[in-house]
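# Reading the structure
Spelled out, the chains give:
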Amino acid sequence: MTIDLGTPRQLDDAEREVLLADPRGYCAGVDRAVITVEQALDLYGAPVYVRKQIVHNKHVVQNLEKRGAIFVEEIGEIPEGETVVFSAHGVSPQVHRDAEARSLKTIDATCPLVTKVHNEAKRFAREQYEILLIGHDGHEEVEGTAGEAPESITLVERPEDVDHLEFPPDAKLSWLSQTTLSVDETMEIVRRLREKFPQLEDPPSDDICYATQNRQVAVKQIGAEADLVIVVGSGNSSNSVRLVEVALEAGAKASYRVDDASEIDEAWLEGVERVSVTSGASVPDDLVQGVLDYLADRGYPAAKAVNTAEESLVFSLPKELRRDMKAAGRA
Ligand code: 0CM
Ligand code: SF4
């Protein structure tokens, strides 16, 4: 008798299931930022310069490049007098000054929910608070927010960082955060901050945005009992990377981030019955469809959508663009 221990058990179709998060993908701020670049290209013609990636998604950037957008790291790379779009993640006041010094025409696609955090930073700084900004060093949003009041802001990246903070007992302290963090980890940092500094004041409203929160609630729901959670999103997309972490914390047996279906390793599917799929706020839905098609080709059934929130927020385009569109008879 031969016993083959090496061959994985073939799963019956009935045992397989694909759950699809809803909401997932584009948020209102990303939708607005991408349309801003598209409309700017239509209105002014190529090239239109964009400072940094308009949103943190490789495919979005490549598609806009094909249409004539030129992505640069810094304002100094843009010829004088050209048009520049600022990305959804926001910029510091210094970037505005640099653009002005080069006589650039600027269109600000900063998400209004990031602008809200900038305004909170300016107000707290004006009122003489020390601001503890929870976020990731080097992320563009953090650079932009910190640039509003560099002398008043201290960055806190991890819960352990709280141990090294020192402020006088009478210091006025407040906290703010990047919009795309893990809600649970941020709340843990705030808990530690408050334990150490009881005078700590909260921001007037949540800084972690509705889209980040909704996508984390959804991935907890579909991830808790999943054998595998596939998160579509780019490696520099904070909110996408957080979804992998949240899925694992919720109980998923495995979770991976991919830019698209071509990055899926077939070995991940061995013995996997329930696959759950979601995507970050900067991810076009055709990339998710590509993942679902990949699974269907390997015998998985059609995905069941699991709805955990309704989203209907829409932001109007940047005012400088709307003004020019109107003048050109396009609004
Ligand atoms: O901030 P993050 O890295 O998640 O950016 P993103 O472009 O992937 O998502 C949308 C946003 C913002 C601000
Ligand atoms: Fe705005 Fe949130 Fe989208 Fe970022 S993830 S662009 S803060 S809505």
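Residues numbered from 1 in each chain as written. Chains lettered and ligands numbered in written order. Predicted model: local features only at pLDDT ≥ 70, side-chain atom pairs only at ≥ 80, totals over all residues. Heavy atoms only, no water.

## What to know about the layout of surface pockets
In this model, the largest pocket occupies a volume close to 410 Å³. Mapped by element, the contributors of at least two residues to the lining of the largest pocket are helix H3 (93-101), strand E5 (105-108), helix H4 (112-126) and helix H10 (319-327). (1 Å grid on protein atoms, 1.4 Å probe; cavity = no way out; pocket = protein on both sides within 12 Å on 5 of 7 lines; lining within 4 Å. Points joined across faces, edges and corners; volume = space filled by probe spheres on them. Helix = DSSP H or I, 4+ residues; strand = E, 2+ residues; numbered from the N terminus.)

## Comments concerning the site of ligand 1
Every one of the 14 residues lining ligand 1 counts as a neighbour, but His 56, Ser 237, Ser 238, Asn 239 and Ser 282 are closest to it. The backbone of Asn 236 places a nitrogen or oxygen atom 3.4 Å from an oxygen atom of ligand 1. Asn 239 places a polar side-chain atom, nitrogen or oxygen, 2.7 Å from an oxygen atom of ligand 1. Spatially, ligand 1 is embedded in the largest cavity. Along the lines of polarity and charge, the residues of the shell around ligand 1 split into four nonpolar, nine polar and one charged. (Near = heavy atom within 4 Å. Polar contact = N/O pair within 3.5 Å; in protein donor to acceptor, adjacent residues only side chain to side chain. Sits in = over half its atoms within 2 Å of the grid points. Nonpolar A, V, L, I, M, F, W, Y, C, P; charged D, E, K, R; others polar.)

## Notes on the packing of aromatic side chains
Taken as a whole and assessed by the stated rule, the structure comprises three aromatic pairs. The interplanar angle of 75° and the centroid separation of 5.6 Å between the aromatic rings of Phe 167 and Phe 197 together place this pair among those described as edge-to-face. With Phe 167 in the loop between strand E7 (153-156) and strand E8 (173-177) and Phe 197 in the loop between helix H6 (183-196) and helix H7 (210-223), this pair connects stretches of sequence that are 30 residues apart. According to the relative accessible area criterion, Phe 167 is buried, its value standing at 17%. Here the guanidinium or amino end of Arg 298 rests over the ring plane of Tyr 294, the centre of that ring lying 3.6 Å away. (Phe/Tyr/Trp six-rings, centres within 6.5 Å; stacked < 30°, edge-to-face > 60°. Buried < 20%, exposed > 50% of the residue type's maximum accessible area, 1.4 Å probe, protein only. Lys NZ or Arg CZ within 6 Å of the ring centre and 35° of its normal.)

## Things to note about the nonpolar core
In this structure, Val 37, Ile 54, Val 55 and Val 85 are the most contacted members of the largest nonpolar core, which totals 27 residues. Only helix H1 (28-44), strand E2 (48-51), helix H2 (58-66), strand E3 (69-72) and H10 provide two or more residues apiece to this core. Ranked by residue count, the leading element in this core is H1, at seven residues. In contact with Val 85, not counting residues within four places along its chain, are Thr 36, Val 37, Val 48, Tyr 49, Val 50, Arg 51, Ile 54, Ile 107 and Ala 109. By size, the runner-up hydrophobic cluster in this structure holds 22 residues, among which are Leu 228, Val 232, Leu 269 and Tyr 300. (Core = buried A, V, L, I, M, F, W, Y, C linked by side-chain atoms within 4.5 Å. Contact = heavy atoms within 4.5 Å.)

## With respect to empty space enclosed by the protein
Inspection of every chain in the model, using the stated rule, returns two cavities of 30 Å³ or more. Space inside the largest cavity adds up to approximately 280 Å³. If you go around the largest cavity, you meet 24 residues; those closest to its centre are Cys 27, Val 30, His 89, Thr 179 and Thr 180. The biggest single contributor to the lining of the largest cavity is H7, with three residues. When grouped by side-chain class, the residues that make up the lining of the largest cavity number twelve nonpolar, eleven polar and one charged. Space inside the second largest cavity adds up to approximately 60 Å³. Broken down by element, the residue count for the lining of the second largest cavity peaks at three residues, all from H6. Grouping the amino acids of the lining of the second largest cavity by side-chain chemistry returns three nonpolar, four polar and three charged.

## What to know about a negative patch on the surface
There is a patch of like negative charges on the surface, built from Glu 160, Asp 163, Glu 185 and Glu 249. With respect to the helices and strands, Glu 185 occurs in helix H6. (Patch = residues over 30% accessible without salt bridge, like charges linked within 9 Å, V, L, I, M, F, W, Y side chains within 5 Å. Areas by Shrake-Rupley, 256 points an atom, 1.4 Å probe, with all protein chains shown as cover. Salt bridge = Lys/Arg side-chain N within 4 Å of Asp/Glu carboxyl O. Lys, Arg positive; Asp, Glu negative; His and termini not counted. Charge placed at Lys NZ, Arg CZ, Asp CG, Glu CD.)

## Digging into the site of ligand 2
Lining the immediate surroundings of ligand 2 are Cys 27, Gly 29, Val 30, Cys 111, Leu 113, Val 114, Thr 179, Thr 180, Cys 209, Tyr 210 and Ala 281. The cavity that encloses ligand 2 is the largest cavity. In terms of residue class, the shell around ligand 2 is built from eight nonpolar, three polar and no charged.

## Digging into unusual backbone geometry
Omega for the bond connecting Asp 22 with Pro 23 falls within 30 degrees of zero, at 10°, which places this linkage in the cis form. By the element assignment, Pro 23 lies in the loop between strand E1 (17-22) and H1. Of note in this structure, Lys 52 is not a glycine but carries a positive phi near 65°. Assignment of secondary structure puts Lys 52 in the loop between E2 and H2. For Lys 52, a relative accessible area of 9% gives the class buried. Residue Gln 128 is not a glycine yet carries a positive backbone phi of 70°. Tracing the backbone shows Gln 128 in the loop between H4 and strand E6 (130-134). We classify Gln 128 as exposed; its relative accessible area is 63%.

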